[in-house]
Amino acid sequence: MTGTELDNIARAVTSGKISGDGGFTKRCHEFFKTKFGFKASLLTTSCTDALEMGALLMKLEPGDEVICPSFTFSSSANAFVLRGAKIVFADSLPSHPNVDVSKLESLITKRTKAIVVVHYAGVAVDMDPVITLAKKHNLFIIEDAAQAIDSYYKGKPLGGFGEFSAFSFHETKNIQAGEGGLFVSNDDRFSKRAEIIREKGTNRSAFFRGEVDKYGWVDLGSSFLPSDIIAAFLWSQLENLDVIQNKRKQIWNRYYENLKSLEKEGKVQLPFLPSYATNNAHCFYMVCPTQEVRAGLIAHVRSKGYQLVFHYQSLHKSPFYADKHDGRELVQSDRYTDCLVRLPLYFELSDTQIDEITGSILEYFKN
Ligand SMILES: *Cc1c(COP(=O)(O)O)cnc(C)c1O
């Protein structure tokens, strides 16, 4: 929290207009346009909703295939399954939970419509080869940039590469509004229809701009826009983006400095940053050699009063999708499922707490 959230919410409430697309929403939209240069930015109630907007815009049909990493959140795949698509799961890199781009082409068939990339921990997927592939096979790129606010690939902001991109402002992300999200389109062909899909299939946005003299039901859609109360909260966070990011990077760097000896000694794998990517300090994780070592580590650190948590369970083995998966082994995804652990990382975390956490981790690996 930055401290100005309640004031901004009060301003939204006293303005008398708290439904979607009010003053704070407009401010947020303008911010994303000027700061990151996205062509169309539309606040949504979640990243999940923004992904579902992308799936609608693509006009997916039952039987179409979408390539998606297995080591990700359900929404990255679910948005497309809702439209009848079949998910072809891709494995992660050995060096990083991000998708192994070199293996993507072998997954493309005549039915493939799109590639979903997820920038894990806010670290960029290697986008150049993905773009080349998408051009060659005429595929959409969707960036699940839920964790990737203010992070860059070769100097260009993440979220700026896909035809569609989705950010999350869930309270577990760098910039949050409790629940919230952002839909981004970088292709002018889709910006008008995106507005319609977000407004229950109506052309209400064009009506409010005076472009049509009445509005009605013109397409498929849903109610994807958040109340201006949410946008007011979000605006407090956006105004303090640099303060928040700098603090998170400080925390991240302290973790790294305190723990880097463990990687040198071959005891754990620490976050890897490719030269083309920046670090937005979304998450600090370690990969243990085995599931047993991870369980022991979590128990040891818990005894000192701190909670380490693991992350995704491979989607290709999930109760919902296991019997629909084509049977390929995805060994890296399973390794991150079993062995990856995340350390606490939030704005209010103090140096003393960080040192206690890393002290306890070092103690565990010494024994
Ligand atoms: C958090 C997250 C989501 C979901 O975000 P919501 O805003 O809660 O819908 C989707 N994908 C990834 C990779 C996430 O980290």
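Thresholds applied
- Residues numbered from 1 in each chain as written.
- Predicted model: local features only at pLDDT ≥ 70, side-chain atom pairs only at ≥ 80, totals over all residues.
- Heavy atoms only, no water.
- Helix = DSSP H or I, 4+ residues; strand = E, 2+ residues; numbered from the N terminus.
- Rg over C-alpha atoms; globule rule 2.2 N^0.38 Å.
- Buried < 20%, exposed > 50% of the residue type's maximum accessible area, 1.4 Å probe, protein only.
- Contact = heavy atoms within 4.5 Å.
- Areas by Shrake-Rupley, 256 points an atom, 1.4 Å probe, with all protein chains shown as cover.
- Axes fitted to C-alpha atoms, helices over the stretch in contact; angles between N-to-C directions.
- Left-handed = near helix turned anticlockwise from the far one by under 90°.
- Nonpolar A, V, L, I, M, F, W, Y, C, P; charged D, E, K, R; others polar.
- Core = buried A, V, L, I, M, F, W, Y, C linked by side-chain atoms within 4.5 Å.
- Pairing = 2+ DSSP bridges.
- Salt bridge = Lys/Arg side-chain N within 4 Å of Asp/Glu carboxyl O.

A.B. asks: In this structure, what is going on with the overall build of the protein chain? I would like to understand it.
C.D. replies: Along the backbone of the protein chain there are 12 helices and 11 strands. By the compact-globule yardstick of 21 Å for 367 residues, the protein chain fits well, its C-alpha radius of gyration being 21 Å. In terms of principal-axis extent, the alpha carbons of the protein chain reach across some 75 × 55 × 35 Å. Each of the 367 residues in the protein chain was classed as buried or not, and the buried ones make up 55%. Long-range contacts, defined here as pairs at least 24 residues apart, represent 70% of the contacts in the protein chain between residues at least 6 apart. If you sum the accessible surface of the protein chain, you get close to 16,100 Å²; carbon and sulfur atoms cover 54% of it.

A.B. asks: Got a minute to help me understand the packing of helix H3 (residues 47-57) against helix H4 (residues 74-81) in this structure?
C.D. replies: Packed helix pairs are characterised by how far apart their axes lie and by the angle those axes make with each other. Running from N to C, H3 and H4 cross one another at 35°; their axes reach a closest spacing of 8 Å. The element H3 and its partner H4 pack so that their crossing is right-handed. For the pair H3 and H4, the contacting residues are Thr48, Leu51, Glu52 and Ala55 in the first and Ser75, Ser76, Asn78, Ala79 and Phe80 in the second. Grouping the amino acids of the contact of H3 with H4 by side-chain chemistry returns four nonpolar, four polar and one charged.

A.B. asks: I keep staring at the nonpolar core and nothing clicks. Help me out?
C.D. replies: One recurring pattern in soluble globular proteins is that nonpolar side chains are buried together. Among the nonpolar cores identified, the biggest contains 48 residues, and Phe32, Leu104, Val130 and Phe169 are the most heavily contacted of them. Mapped by element, the contributors of at least two residues to this core are helix H2 (23-36), strand S3 (86-90), strand S4 (112-118), helix H5 (127-137), strand S9 (181-185), helix H8 (228-239) and helix H9 (241-264). For this core, the element with the highest residue contribution is H8, accounting for six residues. If we skip the residues at most four places from it in the chain, Phe32 touches Gly37, Phe38, Ser41, Leu43, Ile149, Phe169, Leu182 and Leu238. Counting 34 residues, the second-largest nonpolar core is a separate cluster that includes Leu42, Leu60, Ala114 and Phe190.

A.B. asks: How should the sheet that holds strand S1 (residues 40-44) be read in this particular structure?
C.D. replies: Within a sheet, adjacent strands bond to each other through the backbone by hydrogen bonds, running parallel or antiparallel. Sheet architecture is open: seven strands sit in the order S1-S9-S8-S5-S4-S2-S3, paired in mixed fashion. Bordering the open sheet on either side are S1 and S3, each of which pairs with just one other strand. With direction set aside, neighbouring strand axes in the sheet form an average angle of 20°. Bridge count for S4 against strand S5 (residues 140-144) is five bridges, and the pairing is parallel. Bridging from a neighbouring strand, Ala114 pairs with Phe140 of S5. On top of the sheet, H2 reaches S1 and S9; it is set at about 140° to S1, its chief contact. The strands that H3 touches are S1, S5, strand S8 (164-168) and S9; relative to S8, the one it contacts most, it runs at about 165°.

A.B. asks: When you look at the pattern of salt bridges in this model, what are you seeing that I'm missing?
C.D. replies: As a working rule, side chains carrying opposite charge can pair if their charged atoms are close by. All told, the structure shown has 22 salt bridges when counted by the stated rule. Across the salt bridge formed by Asp64 and Lys113, the nearest N and O atoms sit 3.2 Å from each other. Taken as a pair, Asp64 in the loop between H3 and strand S2 (65-69) and Lys113 in strand S4 lie far apart in primary sequence, 49 residues in all. Residues Lys86 and Glu65 are paired through a salt bridge, measuring 3.9 Å at the closest nitrogen-oxygen approach. Here Lys86, found in strand S3, pairs with Glu65, found in strand S2; they are 21 residues apart in sequence, far enough to count as distant. In the salt-bridge network here, residues are joined through shared partners; they are Asp64, Arg111 and Lys113.

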